[in-house]
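Working through the structure, step by step
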Amino acid sequence: MYNATAYSAASATSPLAPTTIARREPTERDVQIEILYCGICHSDVHHVRDEWKDTMPTVYPIVPGHEIVGRVTKVGSAVSQYKTGDLVGVGCLVDSDLSCSACQDDLEQLCPNQTLTFNAPDKHLGGVTYGGYSESIVVDEHFVLRLPDTLDLAGVAPLLCAGITTYSPIRRWGDITGKKVGVVGLGGLGHMGVKFAKAFGADVVVFTTSPGKKDAARALGADDVVVSRNADEMEKHAGSLDFILDTVSAPHDINVYLNLLRHDGNLTLVGAGEKPLEVSPFSLLFGRRTLSGSIIGGIAETQEMLDFCGTHNITADVEVIPIQKVNAAYERMLKSDVKYRFSIDMASLKSE
Ligand SMILES: [Zn+2]
Ligand SMILES: [Zn+2]
């Protein structure tokens, strides 16, 4: 074991503060990574404040962060894909059994024996895993991603969660070239959904509750922007969309969006709302529509997404902050006061 500087929270009501954590020495299958940037995801806040205690209770101290980019500093003797100096990423997963039917289908995100990057039982050291708000991390080679070296690394970090969360359902839907695709919500997830849908050649309609976001949505590539509270604007699109990516976690009427789908259209939820949604059967019956959910993506698909971003010059729009501003950043994110993701410059951790 060795010591690494990190930021952790000691309880659900404590701010994140500097600390020292133990990391394992790399085993033969491991890659040791110096972390350069870590994105701030909404789930970091939920876990730090123990807001998902019914399903995933937080073990304190917690070190969040699962949008990690960095540089390889050491590799184990059996590591074949990476070498010292490589630019790499780590997302929401650091382990799975690699043997179940999900893993065999390259769907590690659905494995019942997966290990999340933070706040999950740590098979190596005991206790729980510690995430990316840290100077380094040690990860099994299978869960390490290769990064394009042409992109801004601060903007690459959010691709590891927000990016794959939106890329995967779009890919799963099929070829959206020339199709009409809706993106509901324009935050960390939604802005990535717009970029991917445009890059795949879709006609993209953004739905937002904020009239003030119209110009920003168009700047990201949206072909049309609808203020969802305006019934006339919504009616214009009734029965016309092929696919809708719903990124909103706040309570909202899902039927309004289902009714915008044409026949056999699909709405996929990626926002993790806590309250059950009311779905009218008629919204699904008429038009034979479907409602689905999706969560991140498998490792192979995450690599495909990163390669796609390299080819198409796609990154998240980020505001880079030093880690000392992380608590203030949480408050701002909860007020949607960021375009569209915070990315922590981990060099700032060296001054702790
Ligand atoms: Zn996330
Ligand atoms: Zn598995």
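Before going into details, it helps to say that this report is about the structure given with it. Starting afresh in each chain, residues are numbered from 1 along the sequence in its written order. Note on labels: chains are lettered from A, ligands numbered from 1, in written order. A pLDDT threshold of at least 70 governs which residues receive local features in this predicted model, and a stricter bar of 80 or more applies before side-chain atom pairs are shown or counted, although totals over entire chains, interfaces and linings include all residues. Each side-chain value is derived from all of the structure's non-hydrogen atoms; neither hydrogens nor water enter the calculation.

Some remarks on the coordination of the zinc ion (ligand 2)
Coordination of the zinc ion (ligand 2) by the protein is provided by Asp97 (OD), Cys100 (SG), Cys103 (SG) and Cys111 (SG), with metal-donor distances spanning 2.0 to 2.3 Å. Coordination partners: N, O, S within 2.8 Å of the metal, 3.2 Å for Na, K and Ca; water not considered, so apparent gaps in a site are possible. A four-donor site is classed as tetrahedral when every donor-metal-donor angle falls between 85 and 135 degrees; four donors are called square planar, and six octahedral, when trans pairs exceed 155 degrees and all remaining angles lie between 65 and 115, with any other arrangement labelled irregular. Around the zinc ion (ligand 2) sit four donor atoms; with metal-centred angles ranging over 102 to 116°, the donor geometry is tetrahedral. When the donors of the zinc ion (ligand 2) are listed by position in the chain, the intervening gaps give D-x2-C-x2-C-x7-C. Given a relative accessible area of 25%, aspartate 97 falls into the partly exposed group. Overall, the relative accessible area of 15% leaves cysteine 100 in the buried class. Remark: exposure states derive from per-residue accessible area (1.4 Å probe, protein chains only) relative to the maximum for the residue type, with buried under 20%, exposed over 50%, and partly exposed in between.

Describing the pattern of salt bridges
Any Lys or Arg side-chain nitrogen found within 4 Å of a carboxyl oxygen on Asp or Glu counts as a salt bridge. Enumeration over the complete set of coordinates arrives at 19 salt bridges. For lysine 195, the salt bridge goes to aspartate 317, with nearest N and O atoms at 2.5 Å. Here lysine 195, found in helix α5 (residues 188-199), pairs with aspartate 317, found in the loop between α10 (299-312) and β16 (318-322); they are 122 residues apart in sequence, far enough to count as distant. The closest approach of N and O atoms between aspartate 224 and lysine 236, which form a salt bridge, is 4.0 Å. Here aspartate 224 is found in strand β12 (residues 224-227), whereas its partner lysine 236 is found in the loop between α7 (231-235) and β13 (241-246), with twelve residues between them in sequence. The exposure class of aspartate 224 is buried, given its relative accessible area of 18%. Each of Lys83, Asp86 and Arg146 takes part in one network of salt bridges that share partners. Numbering goes from the N terminus for both helices and strands, where a helix is a DSSP run of H or I of at least four residues and a strand is a run of E of at least two.

Topic: the pairing of β12
Burial of β12 is two-sided: the residues Asp224 and Val226 facing one way and the residues Val225 and Val227 facing the other way are all buried. Any two strands with at least two DSSP bridges between them are considered paired. Both strand β11 (residues 203-208) and β12 contribute to a ladder of four bridges, which runs parallel. Residue pairing for β12: phenylalanine 207 is matched across the bridge by valine 226. For the handedness criterion, the β-α-β arrangement of β11, helix α6 (residues 214-220) and β12 is classed as right-handed. Here is how to tell: hold the view so the strands point away, follow the path from the first strand over the helix to the second, and if it runs clockwise the crossover is right-handed.

Points about the packing of helix α4 (residues 162-173) against α10
To get an axis, fit a line to the C-alpha atoms, keeping to the stretch in contact for a helix; angles then go from 0 to 180 degrees between the N-to-C directions. Relative to each other, α4 and α10 sit at 100°, their axes nearing to 10 Å. Between α4 and α10, the interaxial angle falls into the category roughly perpendicular. Counted together, Gly163, Ile164, Tyr167, Ser168 and Arg171 of α4 and Glu301, Thr302, Glu304, Met305 and Phe308 of α10 form the full contact between these two elements. Only Asp, Glu, Lys and Arg are considered charged, only Ala, Val, Leu, Ile, Met, Phe, Trp, Tyr, Cys and Pro nonpolar, and every remaining residue, Gly among them, polar. In the contact of α4 with α10, the residues fall into four nonpolar, three polar and three charged. An angle below 35 degrees is treated as roughly parallel, one above 145 as roughly antiparallel, one from 65 to 115 as roughly perpendicular, and anything else as oblique. Contact criterion: two residues are considered in contact whenever any of their non-hydrogen atoms come within 4.5 Å of each other.

Things to note about a nonpolar patch on the surface
Candidate patch residues must exceed 30% relative accessible area and have no salt bridge, after which like charges are joined if within 9 Å and Val, Leu, Ile, Met, Phe, Trp or Tyr side chains if within 5 Å. A 1.4 Å probe and the Shrake-Rupley method give the accessible areas. Residues count as covered only by the protein chains that appear here. Among the surface-exposed residues, Leu107, Leu110 and Ile295 lie close enough to one another that they form a single nonpolar patch of about 270 Å² accessible area. As for its placement among the helices and strands, isoleucine 295 is situated in the loop between β15 (290-293) and α10. Using a relative accessible area of 54% as the deciding quantity, one classes isoleucine 295 as exposed.

Considering the packing of aromatic side chains
When the centres of two rings from Phe, Tyr and Trp lie within 6.5 Å, Trp using its six-membered ring, the rings pair. Their planes under 30 degrees apart give stacked, over 60 give edge-to-face, and anything left gives tilted. Applying the stated rule across the entire model yields eight aromatic pairs. Judged by centre distance (5.7 Å) and plane angle (45°), the ring pair of tyrosine 167 and phenylalanine 200 falls under tilted. Here phenylalanine 200 lies in the loop between α5 and β11 and tyrosine 167 lies in helix α4, a separation of 33 residues in the sequence. By the burial criterion, tyrosine 167 is buried, and phenylalanine 200 matches it. Consider the rings of phenylalanine 200 and phenylalanine 308, whose centres lie 4.5 Å apart with planes at 20°: the pair is stacked. With a gap of 108 residues between them, phenylalanine 200 in the loop between α5 and β11 and phenylalanine 308 in helix α10 connect regions that are remote in the sequence. No difference in accessibility class separates phenylalanine 200 from phenylalanine 308, as the two residues are buried. Among the aromatic side chains, those forming a connected cluster through ring pairs are Tyr167, Phe196, Phe200 and Phe308.

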